[in-house]
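Report on the structure
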Amino acid sequence: LLESLREDQPFFLATRTIARYISYADKDDWPSQYEFPKLLLVCDTLALQKRLTKKMRYKIDGLDDDKVSIYITNTSELEHDKWYDFTQSDSVLTLSQI
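Residues numbered from 1 in each chain as written. Predicted model: local features only at pLDDT ≥ 70, side-chain atom pairs only at ≥ 80, totals over all residues. Heavy atoms only, no water.

**Here's the deal with the pattern of salt bridges**
Defined as follows: For this analysis, a salt bridge means a side-chain nitrogen from Lys or Arg found within 4 Å of a carboxyl oxygen belonging to Asp or Glu. For every residue, the accessible area (1.4 Å probe, protein chains only) is compared with the maximum for its type, and the residue is labelled buried under 20%, exposed over 50%, or partly exposed between those bounds. Numbering of helices and strands runs from the N terminus, with a helix taken as a DSSP run of H or I at least four residues long and a strand as a DSSP run of E at least two residues long.
For the structure shown, the criterion picks out 3 salt bridges. The partner of D8 in a salt bridge is R6, and the shortest N-O contact between them spans 2.9 Å. Residue class for D8 comes out exposed when judged on its relative accessible area of 63%. The residue R51 makes a salt bridge to E7 at a minimum N-O spacing of 2.8 Å. Taken as a pair, R51 in helix α2 (residues 46-61) and E7 in the loop between β1 (2-5) and α1 (11-26) lie far apart in primary sequence, 44 residues in all. The exposure class of R51 is partly exposed, given its relative accessible area of 37%.

So, in structure tokens, the structure goes:
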């Protein structure tokens, strides 16, 4: 799943989007024969990426890591194929590694 998040939208819309996916994964509504899709977040600025990572970390900490995988980047780093694991922001991956 790919979500594009913008700095000029209200911040609560970005956090609500992430929370909605996490909640959906946590409820086990996804058919068990399929793996829950990876969530790819593309922020239009590095500042938004950092704010989202900091704000939403508490939501991720309580989840089973096998249920949901979230990766985040910004448009500048997207050009260089740099993605960050939402739970381990120092881990840099390429899209093919995800």
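**Focus on the packing of aromatic side chains**
Convention followed: Here a pair means two rings of Phe, Tyr or Trp (six-membered ring of Trp) with centres within 6.5 Å. Their orientation is stacked below 30 degrees between planes, edge-to-face above 60, and tilted elsewhere. Distance and angle both matter: a charge sits over a ring if NZ of Lys or CZ of Arg is within 6 Å of the ring centre and within 35 degrees of the ring normal.
This structure, assessed with the given rule, holds 1 aromatic pair. Between Y24 and F36 the ring centres are 6.1 Å apart and the planes differ by 45°, which places this aromatic pair in the tilted class. Remark: F36 occurs in the loop between α1 and β2 (39-43) and Y24 occurs in helix α1; sequence separation between them is 12 residues. Given a relative accessible area of 10%, F36 falls into the buried group. Over the face of the ring belonging to Y21 we find R20, whose NZ or CZ atom lies 5.4 Å from the ring centre.

**Considerations on the pairing of β2**
We count it as follows: If DSSP finds at least two bridges between two strands, the strands pair. Handedness of a crossover is defined as follows: with both strands directed away from the viewer, a clockwise route from the first strand across the helix to the second makes it right-handed.
Across the 5 residues that make up β2, a large majority, 5, are buried. Residues L39, L41 and C43 line one face of β2 and the alternating positions L40 and V42 line the opposite face, and both faces are buried. Pairing of β1 with β2 involves 4 bridges; the strand directions are parallel. Across the sheet, the residue bridging to E3 is L41, located in β2. Handedness of the crossover joining β1 and β2 through α1: right-handed. Here β2 runs beside strand β3 (residues 70-74); their pairing, made up of 5 bridges, is parallel. In the sheet register, L41 faces β3, and the bridge partner there is I72.

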